[in-house]
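# An overview of the molecular structure
Single-letter residue listing:
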Amino acid sequence: MSGLARLLARHVEPGVYHWSSAQSEPNVRHAVEHAGWRCVVLDTWAVEDKGGVLPACQQAFGLPESLGHGFDALGDALTDVRPVGDETGVLVLWLGWSPFARTDRVAFDVAVDVFAARVDGDRDGGFAVLLQGPGPTDLEVPELDPH
């Protein structure tokens, strides 16, 4: 059973993970949705700073345009991101996180902390974030088995 399958089956605690899998976004989305989770794809390949990440989050999560311009506002807004209907959890697939991590590491670490706080604040344990693909090797997040 792959790390993703174990996470979706809740054999691995939800959290923020680095995931070095080369699975395509459509395949991941299919697996996540087939397991009964909501899949949110956060694509920040063209973003290298906080000023670009916040609008990308706003778009990916369908947050209101009135969202503030800081990570505190994002953290507050993420509390409203929940499963819909019969879904059992929310999995965020963060694509293109590495340019942001390399260019503005301080802001990147704050963004990861915001997601981690959302994971920790979910009493149902149904919120997880996967930083997919290669990036800086000194991340302070655990690795999810890619196989």
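Okay, so let's go over this structure. Remember, predicted model here, so these are calculated numbers, not experimental data.

Scoring rules and cut-offs
- Residues numbered from 1 in each chain as written.
- Predicted model: local features only at pLDDT ≥ 70, side-chain atom pairs only at ≥ 80, totals over all residues.
- Heavy atoms only, no water.
- Buried < 20%, exposed > 50% of the residue type's maximum accessible area, 1.4 Å probe, protein only.
- Helix = DSSP H or I, 4+ residues; strand = E, 2+ residues; numbered from the N terminus.
- Pairing = 2+ DSSP bridges.

A separate point is the pairing of strand S4 (residues 127-132). Most of S4 sits out of view: six of its six residues are buried. Side chains of S4 alternate between two faces, with Phe127, Val129 and Leu131 and Ala128, Leu130 and Gln132 buried alike. Two strands pair when backbone bridges link them, and strand S1 (residues 16-19) and S4 are joined in this way by four bridges, in the parallel orientation. Paired with Val16 across the bridge in S4 is Val129. Where strand S3 (residues 89-95) and S4 come together, five bridges link them in parallel fashion. By the bridge assignment for S4, Leu91 is matched with Ala128.

This paragraph deals with the pairing of S3. Counting buried residues along S3, seven of its seven residues qualify, which places the element largely inside the surrounding structure. Here S3 shows no split at all, with Gly89, Leu91, Leu93 and Leu95 on one side and Val90, Val92 and Trp94 on the other all buried. Judged from the seven bridges that link them, strand S2 (residues 37-43) and S3 form a sheet pairing that is parallel. From the neighbouring strand, Leu42 faces S3, where its bridge partner is Trp94.

Fair warning: the whole summary comes from geometry, so function is off the table for now.
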